[in-house]
Amino acid sequence: MAGKSLNRQNALTVICATILVGTEILAAALALGWAVGGLTGWGEEVTMGLIGLSLALGIYLCWLFVKAALKAEPVYE
């Protein structure tokens, strides 16, 4: 067979780690935007903008984590 085979154990490890770490990253990003917006008193619109920016940064960090996890645990062999 010419194709690469799927390593299910590594795939499961990457998926579970991504769920765990991704949830923590996104929750921290949401809390960061909410806290900074609330403490500065800039209003609801700015607070929602800060939450959106911090969540976008959190999604980017999740993507970097997935790339690093796939490099450490190869899914295809």
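As shown above, the structure is provided for reference.
Below, the structure is looked at part by part. (Residues numbered from 1 in each chain as written. Predicted model: local features only at pLDDT ≥ 70, side-chain atom pairs only at ≥ 80, totals over all residues. Heavy atoms only, no water.)

### What to know about the overall build of the chain
Argument step 1. Summing up its helical and strand segments, the chain has 2 helices and 0 strands in all.
Argument step 2. By the compact-globule yardstick of 11 Å for 77 residues, the chain is too spread out, its C-alpha radius of gyration being 17 Å.
Argument step 3. Dimensions of the chain along its principal axes, counting C-alpha atoms only, are 60 × 20 × 15 Å.
Argument step 4. Of all 77 residues assigned to the chain, the portion counted as buried reaches 21%.
Argument step 5. Accessible area for the chain stands at about 5700 Å²; split by element, carbon and sulfur atoms hold 72% of it.
Argument step 6. Computed over 4 positive and 5 negative side-chain charges, the inter-centroid distance for the chain is 20 Å. (Helix = DSSP H or I, 4+ residues; strand = E, 2+ residues; numbered from the N terminus. Rg over C-alpha atoms; globule rule 2.2 N^0.38 Å. Buried < 20%, exposed > 50% of the residue type's maximum accessible area, 1.4 Å probe, protein only. Areas by Shrake-Rupley, 256 points an atom, 1.4 Å probe, with all protein chains shown as cover. Lys, Arg positive; Asp, Glu negative; His and termini not counted. Charge placed at Lys NZ, Arg CZ, Asp CG, Glu CD.)

### Comments concerning a nonpolar patch on the surface
Argument step 1. On the surface, a nonpolar cluster with roughly 510 Å² of combined accessible area is contributed by Leu57, Tyr60, Leu61, Trp63 and Leu64.
Argument step 2. Mapped onto the elements of the fold, Leu61 is located in helix α2 (residues 44-72). (Patch = residues over 30% accessible without salt bridge, like charges linked within 9 Å, V, L, I, M, F, W, Y side chains within 5 Å. Salt bridge = Lys/Arg side-chain N within 4 Å of Asp/Glu carboxyl O.)

### Brief notes about helix α1 (residues 8-40)
Argument step 1. The first and last C-alpha atoms of α1 sit 48 Å apart over 33 residues, in line with the 48 Å expected at 1.5 Å per residue.
Argument step 2. Structurally, the start of α1 carries an N-cap: the backbone nitrogen of Gln9 is 3.3 Å from a side-chain oxygen of Asn7.
Argument step 3. Within two residues after α1, Gly41 carries a phi angle of roughly 70°, on the positive side. (Expected span 1.5 Å × (residues − 1). Polar contact = N/O pair within 3.5 Å; in protein donor to acceptor, adjacent residues only side chain to side chain.)

### Description of the environment of Gly37
Argument step 1. Assignment of secondary structure puts Gly37 in helix α1.
Argument step 2. The buried category is assigned to Gly37, whose relative accessible area is 2%.
Argument step 3. Not counting residues within four places of it along the chain, the set of residues in contact with Gly37 comprises Trp42, Thr47 and Leu50. (Contact = heavy atoms within 4.5 Å.)

### Digging into α2
Argument step 1. The end-to-end C-alpha distance of α2 is 41 Å, a good match for the 42 Å that 29 residues give at a rise of 1.5 Å each.
Argument step 2. If you check which residues of α2 are buried, you get Thr47, Ile51, Ser54, Gly58, Cys62, Val66 and Ala69.
Argument step 3. Where α2 is buried, its residues touch α1.

### Section: the packing of α1 against α2
Argument step 1. Here α1 crosses α2 at 160°, and the two axes come no closer than 8 Å. Here α1 lies roughly antiparallel to α2, going by the angle between them. Crossing angle aside, the handedness with which α1 passes α2 is right-handed. (Axes fitted to C-alpha atoms, helices over the stretch in contact; angles between N-to-C directions. Parallel < 35°, antiparallel > 145°, perpendicular 65-115°, else oblique. Left-handed = near helix turned anticlockwise from the far one by under 90°.)

### Topic: the environment of Ala28
Argument step 1. Checked against the element boundaries, Ala28 lands in helix α1.
Argument step 2. Separated by 30 residues in the primary sequence, Ala28 and Gly58 have C-alpha atoms spaced 8.1 Å apart.

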